[in-house]
Amino acid sequence: MTTVDTAVTHRLTAQQRKAIVAGAVGNTVEWVDWAVYATFAPVFAGQFFAGGNETTALLSTLAVFAVGFVLRPIGGAVLGAYADRKGRKKGLTLTISLMAGASIVIALCPTYARIGVLAPIVLLLARLVQGFSAGGEFGSSSAFLIESAAPGRRAFAGSWQQVSVGLGSLIAALMGTILNSTLSEGDLHSWGWRLAFGIAGLLGLVGLWLRVSVHETEAFTKISAKPRRNPLVAMLRDHPGAALRVAGVTIAGTLIYYVWVSYMPAYAHLSTGIPLKTALLANTLAMVVFIALLPFGGLLSDRLGRKATMTAFAAGFVVFAWPAFHFLGNSFWSVFVIELIGLVLIVGYSANCAVIMAEQFPAEVRTTGIGLPYALAVAIFGGTAPYVTTWLNAHHLGHLVWVYVAAAALIGVAVYLTMPETKGKEL
């Protein structure tokens, strides 16, 4: 392995800091659009599907949530190849345009009572567009942030990719908390959820403006004039082991992240009867701590290495999975403590995932190499997590959810212990 000279500075330049801030802010508003769906799923479920059974409507809505992940691998391949050919900046501009536009469509879509089966069809199509966009977003934003960093601060820079994802989820959760607290139940179900999607779409336009204003990365600029093969073909032919490693790294992290961040409040509401707004508040406060810790997790990875910090995350959940679901109770403090402990452990994954994946590939195929295998793993393991946990609970099998989480964590331990250390690897 070629390593960076230890004399290379760890200090970020003003231009590098500006690029990281611009990339993180743009990525935040992109993920507001993505996360607002899961946050408001229990609210708008009955608006898009027939029938009066609340659990059935929620399961249908979560099925659309899961189907949205089907397009993520395609987005990772198509938009990843686009960013490897045309640049990280153009890739990021395209993804946020698609995501914001789809949110506005959902905000304006008539209900099932007005247009019948067309309502869930429009919802499905909009979510497929968002899934396509999200598939390209992770690879493009990860490559952009890592390539914009000093060699000894790559994990720190990459952690801001997940800071921005967390902020997007936090803003969506805040909207859920505020709207649940200030609107009557009737207003929330009739137009309050539409306001949330509309705000998310408008924030996307702000992100679009920010992304148009940033400069292309130096790593892409150096290769932009060179003749190159199709990035997807080159990645699959020349780097299959690295692609499999990216998928393996993702399994535990994405499954556990989606259980804790996107659906734990709704799960707690359905399984314990705690008011949804109370569970959302606990989730929101725990997310604040999580987001604040992520850059420090990146700094720890830059000092100790990727393997140690990733393994600590997975091993922690092997131990924590059973007590987390066993002691989940009908109180704010119960949900908050369980959310907080889980999210502190997830720092080990989230602060590392972007940098580990970026360090697997050369610049010519970096965005595609990150985007496609990551999106496949997220589609299979992350996109189905809320549905599986809800299904288990609806069939009186909620006591087995901890096994689902622990099994993913065990896979993570095996992958992280056997992967090569990439700290200090030359990009």
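The model shown is predicted, which means the values in this text are computed figures rather than measured ones.

The rules behind these values
- Residues numbered from 1 in each chain as written.
- Predicted model: local features only at pLDDT ≥ 70, side-chain atom pairs only at ≥ 80, totals over all residues.
- Heavy atoms only, no water.
- Helix = DSSP H or I, 4+ residues; strand = E, 2+ residues; numbered from the N terminus.
- Rg over C-alpha atoms; globule rule 2.2 N^0.38 Å.
- Buried < 20%, exposed > 50% of the residue type's maximum accessible area, 1.4 Å probe, protein only.
- Lys, Arg positive; Asp, Glu negative; His and termini not counted.
- Charge placed at Lys NZ, Arg CZ, Asp CG, Glu CD.
- Phe/Tyr/Trp six-rings, centres within 6.5 Å; stacked < 30°, edge-to-face > 60°.
- Lys NZ or Arg CZ within 6 Å of the ring centre and 35° of its normal.
- Patch = residues over 30% accessible without salt bridge, like charges linked within 9 Å, V, L, I, M, F, W, Y side chains within 5 Å.
- Areas by Shrake-Rupley, 256 points an atom, 1.4 Å probe, with all protein chains shown as cover.
- Salt bridge = Lys/Arg side-chain N within 4 Å of Asp/Glu carboxyl O.
- Axes fitted to C-alpha atoms, helices over the stretch in contact; angles between N-to-C directions.
- Parallel < 35°, antiparallel > 145°, perpendicular 65-115°, else oblique.
- Left-handed = near helix turned anticlockwise from the far one by under 90°.
- Expected span 1.5 Å × (residues − 1).
- Contact = heavy atoms within 4.5 Å.
- pLDDT = per-residue confidence, 0-100.
- Polar contact = N/O pair within 3.5 Å; in protein donor to acceptor, adjacent residues only side chain to side chain.
- Core = buried A, V, L, I, M, F, W, Y, C linked by side-chain atoms within 4.5 Å.

**Things to note about the overall build of the chain**
- For the chain, the helix and strand inventory stands at 18 helices and zero strands.
- Whereas a compact globule of 427 residues would reach a radius of gyration of roughly 22 Å, the chain reaches 20 Å, a difference of no more than 12%.
- Overall, the chain is about 60 × 45 × 40 Å in size when its C-alpha atoms are taken along their principal axes.
- Counting only residues that meet the buried cut, the chain has 58% of its 427 residues in that class.
- In the chain, 28 side chains carry a positive charge and 18 a negative one; their mean positions are 5 Å apart.

**Points about the packing of aromatic side chains**
- Counted by the stated rule, this structure contains 16 aromatic pairs.
- Both rings, one in W260 and one in F320, keep their centres 6.2 Å apart while their planes meet at 45 degrees; by these two values the pair is tilted. In this pair, W260 sits in helix 11 (residues 240–272) while F320 sits in helix 13 (residues 306–326), placing the two residues 60 residues apart along the sequence.
- Using a relative accessible area of 0% as the deciding quantity, one classes W260 as buried.
- On the basis of relative accessibility, which here comes to 12%, the residue F320 falls in the buried class.
- The rings of W260, F313, F317, F320, F325, Y349 and Y416 are connected pair by pair, giving a single aromatic cluster.
- A cation over an aromatic ring shows up here: R127 above the ring of Y37, its NZ or CZ 4.4 Å from the ring centre.

**Concerning a nonpolar patch on the surface**
- Taken together, the side chains of Y112, I115, V117, L118, I121 and L125 define a hydrophobic patch exposed on the protein surface, amounting to about 510 Å² of accessible area.
- Elements supplying a minimum of two residues to the nonpolar patch: helix 5 (112–115) and helix 6 (118–147).
- For the nonpolar patch, the leading source of residues is helix 6, giving three residues.
- Residue Y112 is classed as partly exposed on the basis of its relative accessible area of 30%.

**A word on the pattern of salt bridges**
- Considering all chains together, one arrives at nine salt bridges under this definition.
- Among the salt bridges present, the one from D84 reaches R88, with a minimum N-O distance of 2.8 Å.
- Accessibility expressed as a relative area gives 0% for D84, which makes it buried.
- In this structure, E137 engages R211 in a salt bridge whose closest nitrogen and oxygen atoms are separated by 2.6 Å. Of this pair, E137 sits in helix 6 while R211 sits in helix 8 (residues 185–213), placing them 74 residues apart in sequence. Judged on exposure class, the residue E137 and its partner R211 are both buried.
- Shared partners join several salt bridges into a network, and the residues in it are D84, R88, E147 and R366.

**Observations regarding the packing of helix 1 (residues 14–48) against helix 7 (residues 154–182)**
- Contact geometry for helix 1 and helix 7: axes closest at 7 Å, N-to-C directions at 40 degrees. Here helix 1 lies oblique to helix 7, going by the angle between them. The chirality of how helix 1 crosses helix 7 is right-handed.

**Description of helix 14 (residues 332–350)**
- Helix length check: helix 14, at 19 residues, gives a terminal C-alpha distance of 25 Å against a target of 27 Å (1.5 Å per residue), a fit within 8%.
- All of the buried residues along helix 14 are S334, V335, F336, I338, E339, G342, L343, I346, V347, G348, Y349 and S350.

**Describing helix 4 (residues 88–108)**
- Between its first and last C-alpha atoms helix 4 spans 31 Å; for 21 residues at 1.5 Å apiece the expected length is 30 Å, and the two agree.
- Every buried residue belonging to helix 4 is among R88, G91, L92, T93, T95, I96, M99, A100, A102, S103, I106 and A107, and all of these are buried.
- Where helix 4 is buried, its residues contact helix 1, helix 3 (71–86), helix 6, helix 8, helix 9 (218–223) and helix 16 (366–382).

**Points about the environment of C109**
- Residue placement: C109 occurs in the loop between helix 4 and helix 5.
- For the pair formed by C109 and A385, sequence separation is 276 residues and the distance between their alpha carbons is 26 Å.

**Considerations on the confidence of the model for the chain**
- Mean pLDDT for the chain: 86, with 96% of residues reaching 70 or above.
- Confidence scores differ between elements of the chain, with helix 2 (residues 54–67) showing the lowest mean pLDDT of 72 and helix 14 the highest of 95.
- Low pLDDT (under 50) marks residues 1–8, which in the prediction has 13 contacts with non-local residues, meaning those over four places away or in another chain.

**With respect to the side chain of R306**
- Looking at where R306 falls in the secondary structure, it is placed in helix 13.
- Among the polar contacts made by the side chain of R306, one reaches the side chain of E359 at a distance of 2.8 Å.

**Examining the nonpolar core**
- With 109 residues, the main nonpolar core has F40 and W260 as its most contacted residues.
- Counting residues per element, this core draws most heavily on helix 11, which supplies 17 residues.
- Among residues more than four places away in sequence, those in contact with F40 are A172, M175, G176, L179, L188, W193 and A196.

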